[in-house]
Amino acid sequence: MTDRILIIDFGSQVTQLIARRVRETGVYCEIHPFNKVTVESIREFDPRGVILSGGPASVTLDVSPRAPQGLFEMGLPVLGICYGQQTMVAQLGGKVETSDMKEFGRAFLDVKKDCSLFEGVWQPGAREQVWMSHGDRVASLPEGFEVYATSDNAPFAFIADEARRFYGVQFHPEVVHTPHGHQLIQAFTHQVCGCSGDWTMAAFRDQAIEAIRKQVGSGRVICGLSGGVDSSVAAALIHEAIGDQLVCVFVDHGLLRAGEADQVVKVFRDRFNINLVHSDASDLFLGKLAGKTDPEEKRKIIGATFIDVFEAEAKKVGGADFLAQGTLYPDVIESVSFAGGPSVTIKSHHNVGGLPERMNMKLVEPLRELFKDEVRALGRELGLPDEMVGRHPFPGPGLAIRIPGQEITREKLDILRKADTIYLEEIRNAGLYDAIWQAFAVLLPVKTVGVMGDDRTYDYALALRAVTSTDGMTADYYPFDHGFLGRTANRIINEVRGVNRVVYDVTSKPPGTIEWE
């Protein structure tokens, strides 16, 4: 079995980054909520080591999250990060206190002596940059622990009991603002835990194919194919596993970008020879959306109509035993609320728990252990074209949520498609497409006065959005130069009838979201 690391989640908003960093070292890992973890479940998971995440709670309170006490008697290496360090200290007999001297953001550690967790990375006497986010701090150590590095406001910023292979850091090695954080996590997974780093997409592909065949047997699988990265990779993987037992249904709701429907049909029907049903239901969707302006109402209409059309097409092909979905690991994690687990729910996900009971099918979700970048790597491993695998994320409701606060019409969709196409063309021409997580245009519910030639115009304002991110959980706007923005705006206004003003969105996430609606 592949080496694995268990991450116990105490509710940090960056717990997913810990998992990403571990997987970047070639080691498989999973995130389990603290209140679902027991000594028995740890034994069943059989990790080579355990990482305790950060979290918003305070160890100083009478009731606060804890790791299973028996974890510290299992002989496993443990790395506690921020809150994880504090609960480990408290549970092993040390003391944690609320401090008046809090640390948020960049901080610097003074390295005191060698430690196996940073051997070859940090040297005694060095001063190293890290990223902090804490109000509480360790006040006294449990027996067996020593101090290996301090910061101005955290005298126990890096502690360890090398004999038991317990390590605690007050800072966050998982974030990019800790320059050597990746090496520290790799030292834990490889040097301390002894992991081999043999978890690759090629290995995952073989394991997933075997798992799909075992789960499905001789049954039939139906897949709702959107043409996005997730459903495309899921379909290609399942097809490789079970061939003609898979039927893909592509529900074309008329809300896709220019040319995308044709590309889906060409790639999957012609190139991969997958049994593909193309259902053009654009008239139905637009009819049901007529007059609707509320974003949640739009989403519910699109979701319900999609299910109706999908179910009708499934019946036409004779039904199936399994429904395939492109659920990803962040979908699974985000769908657990703090009341039932540590992570605060920001939004609901249509891929998790959304299977209508009336369809009476079991789920096949071969990607539910993967992050987005891993899905892209798997897609390339399966031979999907780069223009599909590398495509920016696209929302299930499509362009409907990029026409905020207004009725969806064919005219508005045409305006938005043309503008969006120009915007993405300019991004590709500038060689920036792969440097951006997601870029798109938004047709605003605002008309503005303009002058074109000698004529007065009163047309739509259009917003451009482009963000950088690693997983969509947080994002920052892309810093285009003004020459690019001016050139793009000029093309859109000149070539797209109905738009006379273009603005650029410089909001990060948080406080905003990536999409506007």
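Cut-offs and rules
Residues numbered from 1 in each chain as written. Predicted model: local features only at pLDDT ≥ 70, side-chain atom pairs only at ≥ 80, totals over all residues. Heavy atoms only, no water. 1 Å grid on protein atoms, 1.4 Å probe; cavity = no way out; pocket = protein on both sides within 12 Å on 5 of 7 lines; lining within 4 Å. Points joined across faces, edges and corners; volume = space filled by probe spheres on them. Helix = DSSP H or I, 4+ residues; strand = E, 2+ residues; numbered from the N terminus. Nonpolar A, V, L, I, M, F, W, Y, C, P; charged D, E, K, R; others polar. Buried < 20%, exposed > 50% of the residue type's maximum accessible area, 1.4 Å probe, protein only. Arc of directions from axis to C-beta. Contact = heavy atoms within 4.5 Å. Pairing = 2+ DSSP bridges. Axes fitted to C-alpha atoms, helices over the stretch in contact; angles between N-to-C directions. UniProt positions renumbered as here; feature names shortened; annotations may be inferred. Core = buried A, V, L, I, M, F, W, Y, C linked by side-chain atoms within 4.5 Å. Domains from an automatic or database assignment. Phe/Tyr/Trp six-rings, centres within 6.5 Å; stacked < 30°, edge-to-face > 60°. Lys NZ or Arg CZ within 6 Å of the ring centre and 35° of its normal.

Enquirer: Which parts of the structure should I look at to understand the layout of surface pockets?
Expert: Empty pockets left among the atoms are what a rolling probe the size of a water molecule brings to light. Estimates place the volume of the second largest pocket at around 380 Å³. Put simply, the parts of the chain that give the lining of the second largest pocket at least two residues each are strand E2 (28-33) and helix H5 (201-216). With 7 residues, H5 is the single largest residue contributor to the lining of the second largest pocket. Taken together, the residues of the lining of the second largest pocket sort by class into 9 nonpolar, 3 polar and 6 charged.

Enquirer: Would you take a moment to explain helix H8 (residues 282-289) for this structure?
Expert: Within an α-helix, residues lying three or four positions from one another point in the same direction, as the helix has 3.6 residues per turn. Among the residues of H8, Ser282, Phe285, Leu286 and Leu289 are the ones counted as buried. With its buried residues spanning 95° around the axis, H8 presents them on a single face. Lining the buried residues of H8 we find strand E11 (246-252), strand E12 (275-280), helix H9 (295-316) and helix H13 (410-429). Directly beyond the C-terminal end of H8, a positive phi value near 80° is found at Gly291.

Enquirer: Hey, could you run me through the environment of Ile222 in this one?
Expert: Following the sequence through the fold, Ile222 ends up in strand E10 (residues 221-224). A relative accessible area of 1% places Ile222 in the buried class. Expressed as a C-alpha distance, the spacing of Ile222 and Leu246, which sit 24 residues apart in the sequence, is 5.8 Å. In this view, Ile222 contacts Val247, Val249, Phe310, Ala314, Val317, Ala320, Phe322, Leu323, Ala324 and Met361; residues no more than four positions away in its chain are not counted.

Enquirer: Explain the sheet that holds E10 to me, please; I cannot follow it from the model alone.
Expert: For sheets, the rule is that strands pair by backbone hydrogen bonds, running either parallel or antiparallel. Strands sit in the order E12-E11-E10-E13-E14 across an open sheet of 5 strands; the sheet is parallel. Only two strands of the sheet have a single neighbouring strand rather than two, namely E12 and strand E14 (362-364). Across the sheet, the mean angle from the axis of one strand to that of its neighbour is 25°, orientation sign disregarded. In this structure, E11 lies alongside E12, joined through 6 bridges in parallel fashion. Bridging across to E12, Val249 finds its partner in Val277. In this fold H9 packs onto E10, E11, E12 and strand E13 (322-324), with an angle of close to 140° to the strand it touches most, E11.

Enquirer: Would you explain the UniProt feature "binding site: ATP" (unreviewed entry) in the protein chain in this entry?
Expert: Sites flagged by UniProt as "binding site: ATP" (unreviewed entry) map to Ser226, Gly227, Gly228, Val229, Asp230, Ser231 and Ser232. On the accessibility criterion, Gly227 (2% relative accessible area) is buried. Among residues more than four places away in sequence, those in contact with Gly227 are Ser232, Val264, Met388 and Arg391. Note on placement: Asp230 falls in helix H6 (residues 229-242). The contact partners of Asp230, leaving out residues within four places of it in the chain, are Gly326, Leu328, Leu367, Lys372 and Val375.

Enquirer: What am I meant to see in the UniProt feature "active site" (unreviewed entry) in the protein chain here?
Expert: Those residues carrying the UniProt feature "active site" (unreviewed entry) are Cys82, His172 and Glu174 in this numbering. For this annotated set, covering 93 residues, all C-alpha atoms fall within 11.1 Å of each other, a compact arrangement in space. The residue His172 is located in the loop between strand E9 (166-169) and helix H4 (181-192) in this model. Looking at His172, the relative accessible area reads 4%, which means it is buried. As for its placement among the helices and strands, Glu174 is situated in the loop between E9 and H4. Leaving out residues up to four positions away in the same chain, Glu174 has contacts with Val14, Leu17, Ile18, Arg21, Ile81 and Ile185.

Enquirer: When you look at the nonpolar core in this model, what are you seeing that I'm missing?
Expert: Counting residues in each nonpolar core, the largest one holds 47 residues, and the members touching the most others are Tyr423, Ile427, Leu462 and Phe480. Here this core takes 8 residues from H13, the largest share from any one element. The two domains that each donate at least three residues to this core are domain 2 (201-390) and domain 3 (410-504). If sequence neighbours within four positions are ignored, Tyr423 has contacts with Ala439, Phe440, Ala441, Leu464, Arg465, Ala466, Phe480, Phe484, Thr488 and Tyr504. Of all hydrophobic cores here, the second largest spans 44 residues; its members include Trp199, Ile209, Val229 and Val233.

Enquirer: Even after reading the chapter, I still don't get the pairing of strand E16 (residues 455-468), so can you show me in this structure?
Expert: Look at any regular strand and the pattern is simple: side chains alternate between the two faces of the sheet. With 12 bridges connecting them, strand E15 (residues 438-452) and E16 associate as antiparallel partners. Paired with Lys447 across the strands is Tyr460, a residue of E16. Here E15 folds back onto E16, and the loop between the two strands holds 2 residues, one of which, Gly453, carries a positive phi near 65°. Direction of pairing for E16 relative to strand E18 (residues 499-504): parallel, over a ladder of 5 bridges.

Enquirer: Teacher, can you tell me more about the packing of aromatic side chains here?
Expert: Any two aromatic rings considered together are summarised by their centre-to-centre distance and by the angle between their planes. Applying the stated criterion to the full structure yields 18 aromatic pairs. One aromatic cluster is present, built from ring pairs that chain together Tyr423, Tyr477, Tyr478, Phe480, Phe484 and Tyr504. Here the basic side chain of Arg402 rests over the ring of Phe440, its NZ or CZ set 4.0 Å away from the ring centre. Over the ring of Tyr433 we find Arg428, and its NZ or CZ is 4.1 Å from the ring centre.

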